Amino acid sequence: MLEALSNPHRLRIISVLSEGKQYVSQLARELGISRPLLYLHLQKLEEAELVKSDMEILESGKAAKYYILNSFQFELNEHLIHDLTNSLTIKKKSNIKGEKESD
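Just so we're clear, the structure is a prediction, and the values are computed from it rather than from any experiment.

Some thoughts on the overall build of the protein
Along the backbone of the protein there are four helices and three strands. In sequence order, the secondary structure elements of the protein are arranged as α-β-α-α-β-β-α. Looking at the protein as a whole, 25% of its 103 residues qualify as buried. Residue pairs at least 24 apart in sequence account for 44% of intrachain contacts in the protein once pairs closer than 6 positions are excluded. If you sum the accessible surface of the protein, you get close to 7,900 Å²; carbon and sulfur atoms cover 51% of it.

Regarding helix 2 (residues 24-31)
Listing the buried residues of helix 2 in full gives Val24, Leu27, Ala28 and Leu31. One side of helix 2 carries all its buried residues, which in axial view fall inside an arc of 100°. Residues of helix 2 that are buried in the fold lie against helix 1 (8-17), strand 1 (22-23), helix 3 (35-47) and strand 3 (63-69). Just past helix 2, the residue Gly32 takes up positive phi, approximately 70°.

Parameters at a glance
Residues numbered from 1 in each chain as written. Predicted model: local features only at pLDDT ≥ 70, side-chain atom pairs only at ≥ 80, totals over all residues. Heavy atoms only, no water. Helix = DSSP H or I, 4+ residues; strand = E, 2+ residues; numbered from the N terminus. Buried < 20%, exposed > 50% of the residue type's maximum accessible area, 1.4 Å probe, protein only. Contact = heavy atoms within 4.5 Å. Areas by Shrake-Rupley, 256 points an atom, 1.4 Å probe, with all protein chains shown as cover. Arc of directions from axis to C-beta.

In structure tokens form, the structure reads like this:
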């Protein structure tokens, strides 16, 4: 869940969805990002069970996918961080020459 919440695009998605369900096309327009990029972020949020999706048949007869926010709350404290440390991965940054730096 913390990884899913670590991205500003995903936080913006949660912010928009906190106001109610949104169809993918509406959400992409409102956020000003492409649908493929939006789907990548929505997938991360779904994996963390922060959002869920469903299909709806519109009056035009077209099927439209929409997303809604799952209610969530968690307490971040030293115990949670301790419990999660075994699942942490640290991404190594590349230096100018393209070599991996070590921490």
